[in-house]
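# Secondary and tertiary structure notes
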Amino acid sequence: NAPWRSFSVVSMCGWGLMFNDYLKDNPQWKAVNSQGKADDYFFCPEFLKSEEGKKEVRKKFEEWYSRKQHAKHIQWDHEESVWTSRYTCYCPRCLKVFAEEFKLDKVPASRQELMDDHAEKWVTFTCRRFAYAAEMLSNLSREKGAMFSVYSGYQSSFARSNYSVDWSMLNGKIDLAMTGY
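A brief structural summary. (Residues numbered from 1 in each chain as written. Predicted model: local features only at pLDDT ≥ 70, side-chain atom pairs only at ≥ 80, totals over all residues. Heavy atoms only, no water.)

In this section: the pairing of strand β5 (residues 147-153). One face of the sheet, then the other: side chains in a regular strand alternate in exactly this way. Taken across its 7 residues, β5 has 5 buried, putting it largely inside the fold. Bridge count between strand β4 (residues 73-77) and β5: 5 bridges; the pairing is parallel. Counterpart to His73 in the pairing with β5 is Met147. The sheet contact formed by β5 and strand β6 (residues 176-180) spans 5 bridges and is parallel. When the bridges of β6 are listed, Ser152 appears paired with Thr179. (Buried < 20%, exposed > 50% of the residue type's maximum accessible area, 1.4 Å probe, protein only. Helix = DSSP H or I, 4+ residues; strand = E, 2+ residues; numbered from the N terminus. Pairing = 2+ DSSP bridges.)

Think of two packed helices as two axes; the pair is described by the angle between the axes and how far apart they sit. For the pair helix α2 (residues 51-67) and helix α5 (residues 119-143), the least separation of the axes is 11 Å and the interaxial angle reads 50°. By the angle between their directions, the pair α2 and α5 is classed as oblique. The handedness of the crossing between α2 and α5 is right-handed. Judged by residue contacts, Lys54, Val57, Arg58 and Phe61 of α2 engage Tyr132, Met136, Leu137, Leu140, Ser141 and Glu143 from α5. Of the residues belonging to the contact of α2 with α5, the class tally is 6 nonpolar, 1 polar and 3 charged. (Axes fitted to C-alpha atoms, helices over the stretch in contact; angles between N-to-C directions. Parallel < 35°, antiparallel > 145°, perpendicular 65-115°, else oblique. Left-handed = near helix turned anticlockwise from the far one by under 90°. Contact = heavy atoms within 4.5 Å. Nonpolar A, V, L, I, M, F, W, Y, C, P; charged D, E, K, R; others polar.)

By themselves, these figures tell us nothing about what the structure is for.
Written as structure tokens, this is what we have:
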């Protein structure tokens, strides 16, 4: 029971919460990556807002948490670009939600259109989605009596676009903000 065992790093893909088995049976929730391809390992961020998604994230978190020997501090180390990360989705559903949120006259047809015509709005949109996901994991961590933190770059336009983190959106949603670089 060394002290370091009570700390664990979480992610919503790869070495963290794995969704590939779920997505295999539910391909409608696969994220569309920056190359326009469906991702076998990561879900569309709109999945988190659905009842189905909330249940599945809770289930995956429970499985992950039990493997981590009931950590008392859970940290999400997050440095993912708003343009290329696994946390960004270019599916029609996400593009429609984006257009509705910013009251655009039309739904952007491509990543390039977003970059050319709506870059700052897309940055804000993606940071808000990360904040939503972080709050979800924070709430699940708190239910276990664990502290939840996020580690990323200092508040800046660089961090917002290159790491998808706007610390002002995380205020009150996480227990500890940890910055560096």
